[in-house]
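This is what each chain is made of:
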Amino acid sequence: MVYQIAVMNSRRIALVFLAACSSPAAQPASKPVETAAPKAAATVGATQEKHGDRPASNTTQPARIERPSKRLSIPEARTYMLALINRDRASQGLGPVTLDEGAATAAGQAHAEDMAKLGYLGHWGSDGSVPEERHTAAGGADMVLENALCFTDEQRRTLDASPTIDPAQIERAESLFFDEVPPNDGHRKNILKPAHTRVGIGVAQPVETDKEIAVPCFAQEFVDGYGTYAALPKKAKAGATVHVEGVLAEGARPSGVGVARIAAPRPLTPAELNKRRSYPVPKPFQMYWGPGFVTPIQVKIDGPRFSIDVPLADKSQAGQAGLYEISVWAKLGGSEENTMVSLRTILVE
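Residues numbered from 1 in each chain as written. Predicted model: local features only at pLDDT ≥ 70, side-chain atom pairs only at ≥ 80, totals over all residues. Heavy atoms only, no water.

(A) View of the side chain of T295. Here T295 shows up in the loop between β16 (293–294) and β17 (300–302). Its relative accessible area of 18% is what places T295 among the buried residues. In terms of polar contacts, T295 uses its side chain to reach the backbone amide nitrogen of W289, at 3.1 Å. Excluding residues within four positions of it along the chain, T295 makes contact with M287, Y288 and W289. (Helix = DSSP H or I, 4+ residues; strand = E, 2+ residues; numbered from the N terminus. Buried < 20%, exposed > 50% of the residue type's maximum accessible area, 1.4 Å probe, protein only. Polar contact = N/O pair within 3.5 Å; in protein donor to acceptor, adjacent residues only side chain to side chain. Contact = heavy atoms within 4.5 Å.)

(B) Examining the environment of P216 more closely. With respect to the element layout, P216 can be found in the loop between β8 (212–213) and β9 (217–224). Classification of P216 as buried rests on a relative accessible area of 2%.

(C) Fine view of the sheet that holds strand β20 (residues 339–348). Strand order in the open sheet formed by five strands is β11-β20-β19-β13-β15, and the pairing between neighbours is mixed. Of all the strands in the sheet, just β11 (235–236) and β15 (286–289) have a single pairing partner and so form its edges. Summarising the sheet, β11 and β20 pair through two bridges and their orientation is parallel. Bridged to K235 within β20 is L347. (Pairing = 2+ DSSP bridges.)

(D) Layout of the packing of helix α1 (residues 74–90) against helix α4 (residues 167–178). Close contact between α1 and α4 brings their axes to 10 Å; oriented N to C, the two are set at 35°. Crossing of α1 over α4 shows right-handed handedness. Within the contact between the two elements, α1 uses A77, Y80, M81, L84, I85, R87 and D88 and α4 uses P167, I170, E171, A173, E174 and F178. Split by residue class, the contact of α1 with α4 holds nine nonpolar, no polar and four charged. (Axes fitted to C-alpha atoms, helices over the stretch in contact; angles between N-to-C directions. Left-handed = near helix turned anticlockwise from the far one by under 90°. Nonpolar A, V, L, I, M, F, W, Y, C, P; charged D, E, K, R; others polar.)

(E) Representation of α4. The end-to-end C-alpha distance of α4 is 17 Å, a good match for the 16 Å that twelve residues give at a rise of 1.5 Å each. Residues P167, Q169, I170, A173, E174, F177 and F178 constitute the buried set of α4. Looking straight down α4, one finds that the buried residues subtend no more than 165° of arc, so they occupy a single side. The opening residue of α4 is D166, an N-cap whose side-chain oxygen sits 3.0 Å from the backbone nitrogen of A168. (Expected span 1.5 Å × (residues − 1). Arc of directions from axis to C-beta.)

(F) Examining the pattern of salt bridges more closely. Using the criterion set out here, one finds 14 salt bridges in the structure. One salt bridge in this structure joins D224 and K193, with 2.7 Å as the shortest N-O distance. Taken together, the residues D224 in strand β9 and K193 in the loop between α5 (186–191) and β7 (198–204) connect sequence positions 31 residues apart. You can call K193 buried: its relative accessible area is 0%. (Salt bridge = Lys/Arg side-chain N within 4 Å of Asp/Glu carboxyl O.)

So, in structure tokens, the structure goes:
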């Protein structure tokens, strides 16, 4: 996308563009087959609910949020953007998300800084990382979906170590995300995914110069927090087995564990990054299910607890190295649909 500028006070201001990542568009591989006498809680095949697919039950007029009267520090900017996100969710009858000041914000901040520093937009980082990989590296274990906004001129900039952010720019960013219309409304759907419980927010702004007015870049990292999970190794050998276990919160019933694989990350130039705008979460090449289904390895499920030993081997590919993605699936509330609630990565060599 060509970099565009608008003249303001004899200086230029970068126009920002958007990128959204999405949940798997298709059913996971290896749809389970029922046994002769399946348990009642395991009588349907698994599907990943696309974010935003469940319609909101109540649409209301958005609450008015007063704009701050001063420029904001990064922590203040995060708080204001959170208020705008929750205003937009409330307008569609959805409950609020809380600010995740841990792994989600750390991952979002690193990505916002990377984009602003190098002048690109997308969900891959300059080191070749993807959102769930950055979230995992920061210590996250839950499912994460990212919205991103930045400029795309591929020009290096120096970041302001202590920027002040114009509240109008935060409003503009949230409006660009939320006011999308179908079919190009991935950011809006992400904001309105009912399963989200938290959001991390990254904010980065270059140093203003005599030639350019500084504008911020943003990364929103929406998290589905429904459990606690035992640690996974950061690296492993192809064919190794990893132990996956966890305990889900009340209202979430564990149902399966999936394994996906993508190419190992490699450094990417800003030009390459600007060509990789949309990012779909990888579909598992193998799913493992709990009691009641024919499955290669059965997930042990005891109430909210689950465990399984998973082989890191993609037999459909000649080379089995790469970035493996371990997902945990659950049924939320009274729904019988399977939703991905955890997604972590392991570099397999």
